[in-house]
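Coordinate analysis (summary)
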Amino acid sequence: MNKTNEKREDAKMGDERQLFQDLSDAVVAMDEDRVVELARTVIENKIDVYEAIEKGLSHGMERAGQLFEEEEYFVPELLVCSDAMYAGLDLLRPYLTQSAEGSKRKVVIGVIEGDTHDIGKNLVKIMLETGGFDLHDLGRDVPPARFVQKAREVEADIIAISTLMTTTMDGMAEVVKLLEKERLRDRVKVIVGGGPISQGFAARIGADGYAANAGAAVNLARSLIDGDRAHAR
Amino acid sequence: METGHMHDKMTPVERLEAYARGGAIDRLPCVPIVGNTAARIIGVKVSELRNNGRLLAEAQVASYRLFGYDNIRVFTDLYVLAEAMGASVTVPDDETAYLGAPAIDDVARIRQLEPADPASDGCLPEHLEATRIAVREVGLEVPVTTALTGPFTNASFLIGAEEIARLVYKEPAAVHALCSVSLEAAVRYAEAIIDAGATPSLTDPMSSSTVISPVLFRRFSLPYLKRLIDHIHASGKKVTLHICGKTNRIWRDMVDAGADCISIDNRIDLADAVREVGDRVRLMGNVDPTEIMLEGSPADVRRAVRACVTKAGQAQKGYVVASGCSLPTETPFANIHAMLDAVREIGFPVAKGRFQERG
């Protein structure tokens with residue numbers, strides 16, 4: 001490669017880095033139109049789509065999650081950031097090769113039976129997807145047996161259960177019991193969260209972990225999976 | 001004869017009047033916020049209370065008589081006002097009702113929404129009937145209040161919580177329209193509650209900083225809350241405003257909205273609240289409704305009450321020992337008794353150092 005070409009390569013890489021940064025910034029700024037415009041630029045210039053998602057869209061969403069944990073962003077901001085991110089993803093995903101999407105860890109998520117408050121669940125879902133997990137969303141008002149059935153069907157690594165109502169907390173314990181009964185407990189981690197839930201409650205029902213918010217849920221899920229790997233070794 | 005509870009020397013009305021004057025009282029006011037736990041006291045199913053004013057009053061009055069706390073609150077769930085405007089509510093047989101579906105699913109339909117008529121829509125007539133009966137039976141000895149959901153929270157039930165969270169950025173005018181119609185409904189219901197001889201008790205969970213930022217609270221919730229509170233004040237009633245979750249960054253706004261008492265949950269530090277707004281407003285709450293009241297022992301409750309009184313017992317505008325939110329239905333009676341007993345033991349004046357909770 002001659003000097004001119006090298007320079008051109010450097011410049012191209014610089015442009016790409018800038019484009020990823022712009023994508024990330026547009027997600028944080030809740031600017032869906034800008035995200036769409038930048039995603040089109042990625043496609044037109046045949047830039048690595050996987051990188052654009054990782055270093056652009058997901059990066060921005062992780063920053064939004066960080067701002068959420070720092071109480072700079074709140075539920076509306078996180079949701080509108082995620083709308084911008086998903087608008088970009090919808091454009092870029094068709095250009096992804098299969099292998100890039102393979103081997104993701106699977107999470108079955110839902111709001112337990114007796115409750116329809118699903119904002120918290122949706123935020124956790126968004127952040128877990130951003131964090132590279134493959135999500136199976138059962139929605140809200142989900143009977144305990146449905147979590148277990150779905151986890152078996154998709155060979156889930158994690159079941160994530162949410163509630164805002166104390167009346168439904170027993171249902172969370174029921175999921176753990178059903179997993180034990182069906183001899184799936186050692187294969188599936190259970191994480192819980194929501195308004196009335198605490199670390200103490202999670203321990204009492206035999207769940208593997210509790211997260212106070214959507215950002216913490218990602219760290220929890222990762223540490224459980226990594227812990228498992230370390231254990232397997 | 002207005003005797004109040006057998007273990008107390010004053011009735012709640014006497015106690016609260018004296019406390020407000022700065023006079024002598026037998027103990028601090030105490031309100032374990034009993035909601036559907038009242039069904040357990042008269043042995044009926046939770047769903048039976050919701051649309052039966054006579055039974056709802058019977059349960060709430062029986063609960064007051066059993067425990068001897070300082071405020072009756074007619075409440076079954078947060079959705080009665082939104083339901084009266086078209087939202088659908090799911091009513092399990094023996095658990096608290098929850099929102100099934102919002103009233104509308106499209107901003108284009110906001111124009112079709114009308115403020116509820118308290119005399120005819122949904123469960124409102126029965127909640128008003130419960131209010132009248134409770135006032136008639138025990139209104140001379142204990143303040144009777146009726147729960148009223150704040151305009152922004154009610155607006156979120158009309159179109160869906162997640163939808164309104166997006167609309168605050170994507171279509172702010174639609175949110176204002178939803179809040180306006182909710183305010184109108186809230187004002188009408190507040191008037192009907194006052195006509196029934198009670199005081200509206202405001203609850204506004206979606207205004208919490210656990211959900212929306214202080215900036216959005218000031219834009220979409222505070223102006224409507226203020227107008228609602230002004231309206232209630234015009235009838236000479238004092239207003240308690242409850243917002244759950246994190247509220248430390250909006251305490252001053254809650255006071256500016258006109259609240260006479262702010263009811264706060266356990267996810268904040270009560271000592272901070274005393275420092276920041278304790279000189280301007282009465283404080284209430286902070287005992288954890290789930291970990292302490294539902295799952296703890298009477299000894300845990302006693303410890304929690306003492307810790308709260310240690311922090312807020314000397315607050316300038318007063319403190320009401322209370323749970324941080326409505327009690328879960330299955331809260332053990334022993335824990336509710338323990339809350340009152342702990343307050344009776346502490347007595348009044350709250351002598352600093354005499355009972356202080358260490359560690």
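To be clear, the structure that these remarks concern was listed above.
Presented here is an overview of the structure given in this document. Keep in mind the model is a prediction, meaning the values are calculated, not measured.

**Observations concerning the overall build of chain B**
Check the secondary structure of chain B and you find 16 helices and ten strands. Seen through its principal axes, chain B has C-alpha atoms that stretch 60 × 40 × 40 Å. Counting every position in chain B, which comprises 359 residues, the buried fraction comes to 60%. In chain B, of all internal contacts separated by at least 6 residues, the share reaching a separation of at least 24 is 70%. Surface summary for chain B: the accessible area is close to 13,300 Å², and the carbon and sulfur share equals 49%. In chain B, 39 side chains carry a positive charge and 46 a negative one; their mean positions are 6 Å apart.

**Here's the deal with unusual backbone geometry**
Each neighbour pair has its own omega, and for B:Phe348 with B:Pro349 the value is 0°, a cis peptide bond. Phi at A:Asp141 takes a positive value of approximately 55°, unusual for a residue other than glycine. Among the structural elements, A:Asp141 can be located in the loop between strand E2 (134-137) and helix H7 (144-154). Owing to a relative accessible area of 30%, A:Asp141 belongs among the partly exposed residues under this scheme. Its identity as a non-glycine residue notwithstanding, B:Asn286 has a phi of 90°, on the positive side. Along the polypeptide, B:Asn286 turns up in strand E9 (residues 282-287).

**Observations concerning helix H1 (residues 12-21) of chain B**
Residue and element names in this part refer to chain B. By the burial criterion, the buried members of H1 are Pro12, Val13, Arg15, Leu16, Ala18 and Tyr19. Residues of H1 that are buried make contact with helix H4 (53-67), E9 and strand E10 (319-323). Just downstream of H1, glycine 22 is the residue with a positive phi angle, here 85°.

**Quick notes on the state of the cysteines**
All names here are of chain B. In the structure shown here, the tally under the stated rule is zero disulfides over all chains. As a non-bridged cysteine, cysteine 30 has cysteine 308 as the owner of its nearest cysteine sulfur, 10 Å distant. Cysteine 123 carries a free sulfur, and the closest cysteine sulfur to it, the one in cysteine 325, is 20 Å from it. Take cysteine 123: its relative accessible area is 4%, and that puts it in the buried class.

**Focus on the sheet that holds strand E5 (residues 209-210) of chain A**
The pairing of strands in a sheet comes from backbone hydrogen bonds and takes either a parallel or an antiparallel form. Residue and element names in this part refer to chain A. Strand order in the open sheet made by the five strands is E2-E1-E3-E4-E5, with parallel pairing throughout. With partners counted over all chains shown, the strands left at the sheet margins are E2 and E5, one partner each. As paired strands, strand E3 (residues 158-162) and strand E4 (residues 189-193) are joined by five bridges and run parallel to one another. Within E4, the residue paired with isoleucine 159 across the bridge is valine 190. Contacts from H7 reach strand E1 (106-111), E2 and E3, with the element oriented near 160° to E1.

Thresholds applied
- Residues numbered from 1 in each chain as written.
- Chains lettered and ligands numbered in written order.
- Predicted model: local features only at pLDDT ≥ 70, side-chain atom pairs only at ≥ 80, totals over all residues.
- Heavy atoms only, no water.
- Helix = DSSP H or I, 4+ residues; strand = E, 2+ residues; numbered from the N terminus.
- Buried < 20%, exposed > 50% of the residue type's maximum accessible area, 1.4 Å probe, protein only.
- Contact = heavy atoms within 4.5 Å.
- Areas by Shrake-Rupley, 256 points an atom, 1.4 Å probe, with all protein chains shown as cover.
- Lys, Arg positive; Asp, Glu negative; His and termini not counted.
- Charge placed at Lys NZ, Arg CZ, Asp CG, Glu CD.
- Disulfide = S-S within 2.5 Å.
- Pairing = 2+ DSSP bridges.
- Axes fitted to C-alpha atoms, helices over the stretch in contact; angles between N-to-C directions.

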